[in-house]
Every structure is written in C-alpha cells, then in structure tokens.
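In case you want the letters, here they are:
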Amino acid sequence: MAPNFDFSGFQDPTLPRVVMPKCATGQQLKGQKALVTGGSSGIGKGVAIGLGQAGADVVVNYHSGAEEAEKVADEIRGFGAKAYAHEADVADEAQVEAMYARMQEEFGGIDILVANAGLQQDAPFDEMTLKQWNKVIGVNLTGQFLCCRAAVRAFKKRGVVPEISCSAGKIICMSSVHDLIPWAGHVNYAASKGGVSLMMKSIAQEVAPYRIRVNAISPGAIRTPINEDAWSTREAYDELMKLIPYKRIGEPDDIARAAVWLASDEADYITGINLYVDGGMTLYPGFESGG
Ligand code: BGC
C-alpha cells in the first residue's frame, strides 16, 4: 500500500522541502496531542507530566487510580496545556478503540503515543500460573499491540502536517532493560518486554515509509512503586547499586526527558531503536572488576 502523501520533493532539490521547525524551544511539543497509557503513576506519570511541560495536550490513561490520574491531568493543565484522565484496560480491544474515539472527539486526533502501561506478576518459573503469564503478556504486550495499531491507523489516515511535526506520528513503546537482560523469577515479564522490542522494530520497519517513527525506551531501575522492594531499604538499595555502574537509581524524570526528546522533531530520522536509559545496567556490571 502506498503512502497517502507525496515525498518526491525530497528527491528533487528544485522542489520545496518540508522545513524543520526550530529545535529546543522548551515547548518542543506545542500543539501536539499525546496519549500516555498507565499515566497515573510511576514512569507513565513522569512522562505524561514531561510531555505536558513540553507543551503537548495529554490524555492520561489509567486502569486503577482514578484520583491519581486526575491529579496528573490537573498538573498538566497547570502548564497551560489541555489534559484529561481516561479509564481503559489496554488489554481490551473495545476499551482501547473507545479511548481513541474520545481522543479524536476531544482533541481532534493524536500525534504521540507512549505505550507505557505495564505490570509485573512474579513467580518462580515452575510455580508460575497460566493466569499470571496471560495477565502480564495481555497488558504489557497485547496492550501495546492494540494501542500501537490504533495509533498507526490514525497516523496513516491523517499523514504529515508540517506545521505540527516532520512526521505523521510518533510511538514510544515502554520496554525495559529486560528486553535484553534475562530475568529469573520474572519469565513472563522478560518475555513480554522481549516481545515489545521486536514488535516495535517490526512496526517501525513497516510504517517508516509513511513517516511514522516508532521507538522504545528501555528503562533500568527507576524509583517507582513497581520495584519498591529494590530501593526502599538501605540494604536493598546497596544491593541494587551493584547492578548500576552510574551508582544511583533512575527517576521517572530521567525517562520523561528521553521521551520528550524522542517524540520531538529533534529526534526526526530516529526510528526502530531501543534507547536504554539505565545508568549502565546493560553494561555487564559484574565485569566492573575481574573477568
Ligand atoms: C522492572 C523493575 C526493575 C528494573 C531493573 C524494570 O523493567 O519493572 O522492577 O527494577 O527493570 O531490573
């Protein structure tokens, strides 16, 4: 299927080109509409606020935690952007479709999807139930599939609007260092993130001709409720530091800044990458000495 717009101007220097907007105004995302799934807490909350600070209007999706999601939306409105909270289970096709329909109605479309909603249900492998497996794959992988598919449909339908962005749309899949690092006791989670990574790259390859950029951020240990056990006591924190060459835990804002940049035209021409934001967790820290 051919793209619904004509880029032949890029081949012929005598024809007008799409002009790159000025970079790094602090309002890099002004006028853009973003959806952040799982935006009521943790990394999603940080990213939703970061996008709002950069000028984007934001839909803050949540599954539980309505009050928190409303607070995030309030904070974003405080920056002068539009925002509202929307409850939907990303693993449910009808709920995802309804979420996009409302966004079309209220915001007039979508420019940025951050497919972030995710969870852990940990168990030793031989004790892991099918329910635990299905839940994690359903939210972390199928949920991203459903949200990415709806976003790509909207981006393809609309095409590039040069006044808004160089690309027809941007997707950021929230992956994990565990799309690369195997994780004993968390087989369902690692499998879901490994899946997210190749799903992201395959979508990126397929939709690049439509000027749709698809990337992933792969966070390391970020201070959020999902891994509270790993940072809330001195002993746990010291243990965690053995895995982080940079010797500090990450903060949601570390991920938010990366997401704003990846979603902005400053990152135009970047598609299909995993951006590891992990303080070096993927650098085989066991080899800091010895080997
Ligand atoms: C997990 C966290 C973990 C981190 C580093 C993340 O994807 O959700 O629980 O602390 O990876 O291992």
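Thresholds, definitions, all that
- Residues numbered from 1 in each chain as written.
- Predicted model: local features only at pLDDT ≥ 70, side-chain atom pairs only at ≥ 80, totals over all residues.
- pLDDT = per-residue confidence, 0-100.
- Contact = placed C-beta atoms within 7 Å.
- Near = placed C-beta within 6 Å.
- Nonpolar A, V, L, I, M, F, W, Y, C, P; charged D, E, K, R; others polar.
- Axes fitted to C-alpha atoms, helices over the stretch in contact; angles between N-to-C directions.
- Helix = DSSP H or I, 4+ residues; strand = E, 2+ residues; numbered from the N terminus.
- Parallel < 35°, antiparallel > 145°, perpendicular 65-115°, else oblique.
- Left-handed = near helix turned anticlockwise from the far one by under 90°.

A.B. asks: I'd like to hear about the confidence of the model for the protein, residue by residue, with values.
C.D. replies: Chain-level pLDDT for the protein is 93 on average; 91% of the residues reach the 70-or-more range. Under a pLDDT of 50 for its full length, residues 1-5 has, in the predicted model, 6 contacts with residues more than four places off or in other chains. Below a pLDDT of 50 lies the segment residues 20-24, which in the model reaches 5 contacts outside its immediate sequence neighbourhood of four places, other chains included.

A.B. asks: Summarise the site of the ligand; cite the residues concerned and give the values.
C.D. replies: The immediate surroundings of the ligand are formed by Gln120, Ser176, Val177, His178, Gly220, Ala221, Ile226, Asn227 and Ala230. Of the residues contributing to the shell around the ligand, the split by class is 4 nonpolar, 5 polar and no charged.

A.B. asks: Give a description of the packing of helix α1 (residues 42-53) against helix α7 (residues 252-263) that names residues and reports values.
C.D. replies: Axis separation between α1 and α7 bottoms out at 8 Å; the angle between their running directions is 50°. The angle between α1 and α7 places the two elements in the oblique class. Classified by chirality, the crossing of α7 by α1 is right-handed. The residues of α7 that touch α1, namely those facing Gly42, Ile43, Lys45, Gly46, Val47, Ile49, Gly50 and Leu51, are Pro252, Asp253, Ile255, Ala256, Arg257, Ala259, Val260 and Ala263. When grouped by side-chain class, the residues that make up the contact of α1 with α7 number 10 nonpolar, 3 polar and 3 charged.

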